[in-house]
Amino acid sequence: MSSRPRSVTRRRVLTAGAAAGTAAVLGGAALAGIETEVLPGKAWLYHHLGHDGPDGVLPDVVPAPVTTGAFDSAARGRQVGWSLARPTSSSSSSLPLVLALHGRGQDHTSAFRADRMGLDRYLADAVAHGVPPFAIAGVDGGASYWHDRGDGDHAETMLVDELLPLLAREEDIATDRIALIGWSMGGFGALHLATALGPTRVAAVAALGPALWHTYDETAPGAYDDAADFARVGVMGRQDELAEVAVRVDCGKGDPFYATTRDYVDGFAPERAPAGGFELGDHDSGYWRRMVPGVLRFLGEGLAAG
């Protein structure tokens, strides 16, 4: 919910009524939408009215090769899968790293699947068009919201203390200062991790449709342990901690997180306003893929500048 006052108009009443009617018709489907972060109402309405804008189209290129593996994570208490894409056109002996944090209900393959984000294709295309080369790694985060949880699932610790050291053992991967990209749950996770690690470890961060709320009572079930957990890891009101990190935030105007994301962006000092912005789009891969070319250029340049 936005903190800005909203006037009540006939159009707003009619739109709200249509959204409520949609949720009533969908029944169980609407409940499932809430549980997977795509709340019923505005997003559904925008989609069916054609207000999403075009889906991003995967580049017609040979994708960057992707290596996959798995390790037993003590931090998460389970086996964790990972994927790593490297651009073949790079002659660099030391590639900086971008961590890709997936959304709820996804896994490490989502960053590179053609029906999800297709980052291996976008990476190959970006480097071919002059973006400073880097590698992209995805890893399993479950439904943790990318922070350490009271049930013993410590996804944040896994990222910092297990995944980064594992990738650092690759001869051509540099992990001393990284960048982050995330969407939905991963968008929050990227902003949280960048805030937690600070500018000595993070050069740039990009969040796509980040799952953000003003208060614990607004959050999706299972996103946080309790109000204290929400207060501990939340990013609202902490924008000044990213003053020395390059920040980009993109969110579709039909995304149920649009209002809160707009408030988050407005919380930055004017001279540190994030790159990116708001345009037609929903809370889905089609919109996020449309943003990816600009996002990867932003991250590549941020890493090179750092």
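Everything here concerns the structure above.
Colleague: I'd like a rundown of the side chain of Asp-250, residues and numbers included.
Modeller: By the element assignment, Asp-250 lies in strand 7 (residues 246–252). Residue classification places Asp-250 among the buried positions, given a relative accessible area of 2%. When sequence neighbours within four positions are dropped, the list of residues in contact with Asp-250 reads Ala-207, Leu-208, Gly-209, Pro-210, Gly-276, Gly-277, Tyr-287, Met-291 and Val-295.

Colleague: Which residues make up the sheet that holds strand 8 (residues 275–279), and what values do they have?
Modeller: Within the open sheet, the eight strands sit side by side as 1-2-4-3-5-6-7-8. Their pairing is mixed. In the strand order of this sheet, the two ends are held by strand 1 (66–73) and strand 8, each with one partner. Each strand of the sheet is rotated relative to its neighbour by a mean of 20°, with strand direction disregarded. In the packing of helix 8 (residues 258–266) onto the sheet, contacts are made with strand 7 and strand 8, and the angle to strand 7 comes to roughly 155°.

Colleague: Lay out the pairing of strand 4 (residues 135–139) in plain terms, naming residues and giving numbers.
Modeller: Summarising burial for strand 4: five of the five residues are buried, a large majority. By the alternation rule, side chains of strand 4 split into Ala-135, Ala-137 and Val-139 and Ile-136 and Gly-138, which are all buried. As paired elements, strand 2 (residues 78–85) and strand 4 share four bridges and run antiparallel to each other. Within strand 4, the residue paired with Trp-82 across the bridge is Val-139. Both strand 3 (residues 95–101) and strand 4 contribute to a ladder of four bridges, which runs parallel. Paired with Val-98 across the strands is Ile-136, a residue of strand 4.

Colleague: Account for the pattern of salt bridges, with residues named and values stated.
Modeller: Enumeration over the complete set of coordinates arrives at 13 salt bridges. In this structure, Arg-248 engages Asp-250 in a salt bridge whose closest nitrogen and oxygen atoms are separated by 2.7 Å. Arg-248 gets classed as buried once you look at its relative accessible area, which sits at 14%. Among the charged side chains, a network of salt bridges with common partners joins Arg-149, Asp-225, Asp-229 and Arg-232.

Colleague: Just give me the short version of the packing of aromatic side chains, but keep the residues and values in it.
Modeller: Counting across every chain of the model gives eight aromatic pairs. Summarising the aromatic geometry, the rings of Tyr-145 and Trp-213 are spaced 6.2 Å apart at their centres and angled 45° between planes, so their arrangement reads as tilted. With Tyr-145 in the loop between strand 4 and helix 5 (155–168) and Trp-213 in the loop between strand 6 (202–208) and helix 7 (227–233), this residue pair connects regions lying 68 residues apart in the sequence. What makes Tyr-145 buried here is its relative accessible area of 0%. Consider the rings of Trp-213 and Phe-257, whose centres lie 5.3 Å apart with planes at 80°: the pair is edge-to-face. Linking Trp-213 in the loop between strand 6 and helix 7 with Phe-257 in the loop between strand 7 and helix 8, this pair joins segments that are 44 residues apart in sequence. On the accessibility criterion, Trp-213 (9% relative accessible area) is buried. Judged by its relative accessible area of 3%, Phe-257 is buried. Pairwise contacts between aromatic rings join Tyr-145, Phe-188, Trp-213, Tyr-224, Phe-230 and Phe-257 into one cluster.

Colleague: Talk me through the nonpolar core; I want residue IDs and the actual numbers.
Modeller: Membership of the largest hydrophobic core comes to 50 residues, with the highest contact counts inside it found for Leu-97 and Leu-99. Among the elements that make up this core, the one with the highest residue count is helix 5 (seven residues). The residues contacting Leu-97, other than those within four sequence positions of it, are Leu-84, Ala-135, Ile-136, Ala-137, Leu-164, Leu-167, Ile-173, Ala-174, Thr-175, Ile-178, Ala-179 and Leu-303.

Colleague: Would you mind going over unusual backbone geometry in detail, with residue names and values included?
Modeller: In this structure, Tyr-145 is a non-glycine residue whose phi angle is positive, near 55°. With phi around 55°, Trp-146 is a residue other than glycine that occupies positive phi space. The residue Trp-146 is located in the loop between strand 4 and helix 5 in this model.

Parameters and conventions
Residues numbered from 1 in each chain as written. Predicted model: local features only at pLDDT ≥ 70, side-chain atom pairs only at ≥ 80, totals over all residues. Heavy atoms only, no water. Helix = DSSP H or I, 4+ residues; strand = E, 2+ residues; numbered from the N terminus. Buried < 20%, exposed > 50% of the residue type's maximum accessible area, 1.4 Å probe, protein only. Contact = heavy atoms within 4.5 Å. Pairing = 2+ DSSP bridges. Axes fitted to C-alpha atoms, helices over the stretch in contact; angles between N-to-C directions. Salt bridge = Lys/Arg side-chain N within 4 Å of Asp/Glu carboxyl O. Phe/Tyr/Trp six-rings, centres within 6.5 Å; stacked < 30°, edge-to-face > 60°. Core = buried A, V, L, I, M, F, W, Y, C linked by side-chain atoms within 4.5 Å.

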